[in-house]
Amino acid sequence: MNGSRSPLRVAIVGSGPAGSYAAAHLMNRREFAVQVEMFDRLPTPWGLVRSGVAPDHAETKMVVDLFERTAGQPGFRFHLNVEIGKHLGHQDVLDHHHAVIYAVGAPDDRELAIPGKDLPGSHGAAQFVAWYNGHPEHRDLTYDLSGKRAVVIGNGNVALDVARILTKSTRDLAETDIADHALAALAENQIEEVVVLGRRGPAQAAFTTPELLALAHPPDVDVVVDPTEVALADEAPSTFSARMKAQILQEYAARAPRGRRRRIVLRFLATPVEIVGTEGVEGVRVARSELVSGPDGSLGVRTSDDTELLEAGLVLRSIGSRGRPFPGLPFDERRGTIANDEGRVIEPGTGRPLPGAYTTGWIKRGPSGVIGTNKKCAGQTVEMLLADHAAGLLPEPSHDAQALERLIRVRQPDVVDHQGWRAIDSHERERGEAEARPRVKLVRVDHMLRVAGSDIPA
Ligand code: NAP
């Protein structure tokens, strides 16, 4: 490998599932030494596992045990609360490493281009998720939960997550690691019905079978599906998963509502065309739609003039998310990703790789797949990086690890290392234990820094 005995030094920007799987792929190499320096702009690691996965999905979060094992290996270092693009630039990082992998995710809600989308009471679902999960940048958001109905636009797993959280009892939520501010707000929740709007049919829904089944678990929530909407969209589903979803929805449609405390209504062939209101959201105008085949065989949607007004006090737009351009790196505007070829960052015009720059996860491939999808995605990126290393194509770093440490201390004195994160983690778990919860999250950066830096409670 490159004829060099010095370790391969790789920086990873972003400590979510994509970055953490990339770290695992690198640290597991036995044939030569690898050092990984992982950066995150928050003082806490694990990205969407902490701030995206629903609080009632504790088993999904167990993947952090694997990530913790990687982070505990010699040769791995955390630089948390350090933002690349702000405290350090791309070239600063490359000066100290052979390569840098960007795993910064897709943090923004996709834009829904309909009138009224910006009315007070209409919110992006990704922000709502970050709020109830205690992301420090979203903890001060407020949601009006005083109306009887909420409408969720979109038919993906995030739409089902937010519908579930809005209908869950306070007792059930209080057993989770949901942020305290969200628990308090949701305890006052007056919403009786959450309508989830799918513009296409059951077989085209983006949500997955386990999420669909999970909706019906709480004993105090009815799941309501209109049999005519399921029948209207009844073209033969082509995949096993689509057939499963269609079958489960038919079963839901056949059930009579049992008059439970709250209801989730799953609508299909129902396209939102306007969010209606004057001072704030009063409802959503929905057009009945039909499936149409595109030239490539894909099923699109055609809206009709047949519309209805669904009154609602809260609208959550859950139509997927989008990556943000990263300072100093080429961006593919159409896909909302860092421009790349199988993980190698490239100049869009020429397709030429930028030496030493790689990407993985949602900012590489777009916001798709479940947490485990990132393992394969990161594996591909790491293979590209190692092939370039073997071919002698990686730039030799001009500075060593000590110089990096000094630079970080100058640019961001509040850097949090692994020990600091462990202190935050233990503090949160101890607070959780006292309340029979997995953890009670710190949601303010200054509190996190206080706990990371000393034994003083926040
Ligand atoms: P998503 O899976 O891409 O779903 C977006 C939904 O929005 C689709 O149903 C799409 O319908 C709909 N949509 C798009 N534009 C629309 C418009 N203009 N009007 C109405 N509907 C529109 O996005 P996501 O739910 O944010 O999830 C992102 C990724 O995270 C997914 O891979 C998801 O599986 C994953 N995730 C997984 C879990 C889990 O495993 N528990 C939990 C959360 C998220 P069309 O299909 O018609 O475009």
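These lines cover the structure that appears in this document, whether it is placed above or below. (Residues numbered from 1 in each chain as written. Predicted model: local features only at pLDDT ≥ 70, side-chain atom pairs only at ≥ 80, totals over all residues. Heavy atoms only, no water.)

### Here we look at helix H3 (residues 64-71)
Taken together, the buried positions of H3 are occupied by Val64, Phe67, Thr70 and Ala71. Seen along its axis, H3 keeps its buried residues to an arc of 110°; they face one direction. If you follow the buried residues of H3, they end up packed against helix H1 (17-27), helix H2 (47-51), strand S3 (76-80) and helix H15 (418-434). (Buried < 20%, exposed > 50% of the residue type's maximum accessible area, 1.4 Å probe, protein only. Helix = DSSP H or I, 4+ residues; strand = E, 2+ residues; numbered from the N terminus. Arc of directions from axis to C-beta. Contact = heavy atoms within 4.5 Å.)

### What about the layout of surface pockets?
Considering only enclosed or pocket space, the second largest pocket measures out at about 320 Å³ in volume. Residue lining of the second largest pocket: 15 residues in total, with Lys61, Val64, Asp177, Arg429 and Arg439 positioned closest to the centre. For the lining of the second largest pocket, the elements supplying multiple residues, two or more each, are H2, H3 and H15. Of the residues in the lining of the second largest pocket, the class split is eight nonpolar, no polar and seven charged. (1 Å grid on protein atoms, 1.4 Å probe; cavity = no way out; pocket = protein on both sides within 12 Å on 5 of 7 lines; lining within 4 Å. Points joined across faces, edges and corners; volume = space filled by probe spheres on them. Nonpolar A, V, L, I, M, F, W, Y, C, P; charged D, E, K, R; others polar.)

### Comments concerning the nonpolar core
Residues Tyr132, Leu166, Val196 and Leu266 are the most contacted members of the largest nonpolar core, which totals 40 residues. Broken down by element, this core gets its largest block of residues, six residues, from helix H6 (residues 157-167). When neighbours within four sequence positions are excluded, Val196 is seen to be in contact with Val152, Gly154, Asn155, Ala159, Leu160, Ala163, Ile264, Val265, Leu266 and Arg267. With 39 residues, the next largest nonpolar core counts Ala23, Met38, Val53 and Leu386 among its residues. (Core = buried A, V, L, I, M, F, W, Y, C linked by side-chain atoms within 4.5 Å.)

### A word on the packing of H1 against helix H13 (residues 373-390)
In the contact formed by H1 and H13, the axes pass within 8 Å of each other and the chain directions differ by 50°. Our classification of the angle between H1 and H13 gives oblique. The chirality of how H1 crosses H13 is right-handed. Counted together, Pro17, Ala18, Tyr21, Ala22, His25 and Leu26 of H1 and Asn374, Lys375, Ala378, Gly379, Val382 and Leu386 of H13 form the full contact between these two elements. (Axes fitted to C-alpha atoms, helices over the stretch in contact; angles between N-to-C directions. Parallel < 35°, antiparallel > 145°, perpendicular 65-115°, else oblique. Left-handed = near helix turned anticlockwise from the far one by under 90°.)

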